[in-house]
Amino acid sequence: MFARFRRRRISPVLRDLLQETHLSVDDFIYPLFIRGGEGIRNEVASMPGVFQLSIDEAIKECETLKNLGLRAVILFGIPDVKDSVGSDALCEHGIIATAVRALKAAHPDLFVVTDLCFCEYTDHGHCGILDPVLQTVDNDLTLANLGKQAVIHAQAGADLIAPSGMMDGMITAIRSALDEAGFAMLPIMSYSTKFASAWYGPFRDVAESAPSFGDRRSYQMNPANRREAILESLEDEKEGADILMVKPGLAYLDILRDIREASRLPLAVYNVSGEYSMLKMAAQAGVIDYERVMMETLLAFKRAGADIIISYHAKEAAALLRG
């Protein structure tokens, strides 16, 4: 006697009843890229369907998202002026603090996450204050600024802080700063295992955040390192992170599963710009069934262990899920 697994696949109803992994609109966080001005909605050539938005246009976009059932966004800022320390990110009148206040005023039911980093705000494009001798980010000086940035976002009304710079000790520094400022109940979603990946290319177009020299391999993770990837997330858990994250997604499903098995914290995955653009370009070339490949990809993140998916596909996926 051999096993007849196909018995459970003949009926479409039974297939649905036995499906182990499910996608929901509640799984998604949608990224928004905010810049100054009014009436700005600039589509990014390398990311069809993704836009740089002025705050007034972002408010309109959030209405569209809510109509699709999407209730959470993550904000990235494109300041008018950049400098060596990312001063716009440390100012209560900076682009992100201003955007948070405006979005929460217009959509108080919207869950607003803020990306906490400096690469978009510095004139050199790196994720903090530079050490001029080593020509990399000065870890401990940057920690102090991350704490200040987190408090500014909290005061503006952010619902969740998401530090992405891969600084050692960043969760301890941010948690301490938030607690001391009276925000002990504000959660942190750490980009706890973030790789120095080639999949980020289109993001740097939309966020205008490409490094002016070198790369980020001295602080982001080596894509070859599996054990270290697990350690990074477990250390952020020890430091007080409320949610962990793996970034990118597709090439790191094994890491996502490893961390899911090593930790009981909620786990996010970032379905990054290169993954999104690859599917979009393949669709334009007519070589894939775009909607099926998109949904299969998103399902893979859930199957590997993700509770939350940050994705530029979220609007299209939500429309399909809602029928």
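For clarity, every value in this text was computed on a predicted model and none was experimentally measured. (Residues numbered from 1 in each chain as written. Predicted model: local features only at pLDDT ≥ 70, side-chain atom pairs only at ≥ 80, totals over all residues. Heavy atoms only, no water.)

Enquirer: When you look at the overall build of the chain in this model, what are you seeing that I'm missing?
Expert: From N to C terminus, the chain includes 11 helices and 12 strands. The C-alpha atoms of the chain give a radius of gyration of 20 Å, which matches the 20 Å a tight globule of 323 residues would have. Across the 323 residues that make up the chain, the buried fraction comes to 55%. Per element, the accessible surface of the chain, about 14400 Å² overall, is 53% carbon and sulfur. Of note, the chain has its 33 positive side-chain charges centred 10 Å away from the centre of its 44 negative side-chain charges. (Helix = DSSP H or I, 4+ residues; strand = E, 2+ residues; numbered from the N terminus. Rg over C-alpha atoms; globule rule 2.2 N^0.38 Å. Buried < 20%, exposed > 50% of the residue type's maximum accessible area, 1.4 Å probe, protein only. Areas by Shrake-Rupley, 256 points an atom, 1.4 Å probe, with all protein chains shown as cover. Lys, Arg positive; Asp, Glu negative; His and termini not counted. Charge placed at Lys NZ, Arg CZ, Asp CG, Glu CD.)

Enquirer: Explain the packing of aromatic side chains to me, please; I cannot follow it from the model alone.
Expert: The relative placement of two aromatic rings is captured by the distance of their centres and the angle of their planes. Taken as a whole, this structure holds nine aromatic pairs when the rule is applied. With 6.3 Å between their ring centres and 40° between their planes, Tyr191 and Tyr270 make a pair best called tilted. Of this pair, Tyr191 sits in the loop between helix H5 (170–180) and strand S9 (193–194) while Tyr270 is found in strand S11 (residues 267–271), placing the two residues 79 residues apart along the sequence. Using a relative accessible area of 1% as the deciding quantity, one classes Tyr270 as buried. Geometrically, the ring pair formed by Phe195 and Tyr252 is stacked, given 4.1 Å between the ring centres and 15° between the ring planes. Highlighted residues: Phe195 in the loop between S9 and helix H6 (201–207) and Tyr252 in the loop between strand S10 (244–247) and helix H8 (253–262), separated in sequence by 57 residues. The two residues Phe195 and Tyr252 agree in class, both being buried. Put simply, the rings of Phe33, Phe76, Tyr191, Phe203, Tyr270, Tyr276 and Tyr312 touch in pairs and so form one group of aromatic residues. (Phe/Tyr/Trp six-rings, centres within 6.5 Å; stacked < 30°, edge-to-face > 60°.)

Enquirer: Explain the layout of surface pockets to me, please; I cannot follow it from the model alone.
Expert: The gaps left among the atoms become clear once a water-sized probe is rolled over them. The volume enclosed by the largest pocket comes to roughly 490 Å³. Taken together, 13 residues line the largest pocket, and the ones lying closest to its centre are Gln19, Glu20, Thr21, His22 and Leu299. For the lining of the largest pocket, a count of residues per class yields five nonpolar, three polar and five charged. Quantified by volume, the second largest pocket comes out at close to 210 Å³. Forming the boundary of the second largest pocket are Val25, Asp26, Asp27, Phe28, Ile29, Arg71, Ala72, Phe111, Leu160, Pro187, Ile243 and Ile308. Residue classes in the lining of the second largest pocket are distributed as nine nonpolar, no polar and three charged. (1 Å grid on protein atoms, 1.4 Å probe; cavity = no way out; pocket = protein on both sides within 12 Å on 5 of 7 lines; lining within 4 Å. Points joined across faces, edges and corners; volume = space filled by probe spheres on them. Nonpolar A, V, L, I, M, F, W, Y, C, P; charged D, E, K, R; others polar.)

Enquirer: Looking at this structure, I do not really get the environment of Glu291. What am I missing?
Expert: Relative to the elements of secondary structure, Glu291 occurs in helix H10 (residues 290–304). The exposure class of Glu291 is partly exposed, given its relative accessible area of 45%. On a C-alpha basis, the gap between Glu291 and Leu320 in space is 8.5 Å, while along the polypeptide they are 29 residues apart.

Enquirer: Please clarify how the pairing of strand S4 (residues 72–78) should be interpreted in this entry.
Expert: Burial within S4 is extensive, with seven of its seven residues counted as buried. Of the two faces of S4, the one carrying Ala72, Ile74, Phe76 and Ile78 and the one carrying Val73, Leu75 and Gly77 are both buried. When strand S1 (residues 28–35) meets S4, the two strands line up parallel, connected through six bridges. Within S4, the residue paired with Phe33 across the bridge is Phe76. Sheet analysis places S4 next to strand S5 (residues 111–116), joined by four bridges and oriented parallel. Bridging from a neighbouring strand, Ala72 pairs with Phe111 of S5. Traced from S4 through helix H3 (residues 95–106) to S5, the parallel crossover comes out right-handed. (Pairing = 2+ DSSP bridges. Right-handed = clockwise from strand over helix to strand, strands pointing away.)

Enquirer: Is there a simple way to explain helix H2 (residues 55–67) in this structure?
Expert: With 13 residues, H2 ought to run about 18 Å at 1.5 Å a step, and its terminal C-alpha atoms sit 19 Å apart, in line with that. Listed as buried for H2 are Ile55, Glu57, Ala58, Glu61, Cys62 and Leu65. Along the axis of H2, the buried positions cluster into a sector of 145°, meaning they face one direction only. Opposite the packed face of H2, turned more than 90 degrees from it, sit the exposed residues Lys60 and Asn67. (Expected span 1.5 Å × (residues − 1). Arc of directions from axis to C-beta.)

Enquirer: Looking at this structure, I do not really get the nonpolar core. What am I missing?
Expert: Taken as a class, soluble globular proteins show a tendency for nonpolar side chains to be buried jointly. Ranked by internal contacts, the top residues of the largest apolar core, which has 103 residues, are Leu75, Ile174, Leu178, Met189, Tyr270 and Leu298. When residues in this core are grouped by element, the largest group, seven residues, is from helix H4 (residues 139–156). Every residue in contact with Tyr270, bar those within four places of it in the chain, is listed here: Pro31, Phe76, Tyr191, Phe203, Met245, Val246, Lys247, Pro248, Gly249, Glu275, Ile310 and Tyr312. (Core = buried A, V, L, I, M, F, W, Y, C linked by side-chain atoms within 4.5 Å. Contact = heavy atoms within 4.5 Å.)

Enquirer: Any chance you could explain the pattern of salt bridges here in plain terms?
Expert: Note that side chains of opposite charge can pair when their charged atoms are close. As enumerated under the stated definition, the model contains 13 salt bridges in all. Glu61 is the partner of Arg41 in a salt bridge, and the nearest nitrogen-oxygen pair spans 3.2 Å. Residue Arg41 is located in strand S2 (residues 41–44), and its partner Glu61 is located in helix H2; the two are separated by 20 residues in the primary sequence. One salt bridge in this structure joins Arg217 and Asp215, with 2.8 Å as the shortest N-O distance. (Salt bridge = Lys/Arg side-chain N within 4 Å of Asp/Glu carboxyl O.)

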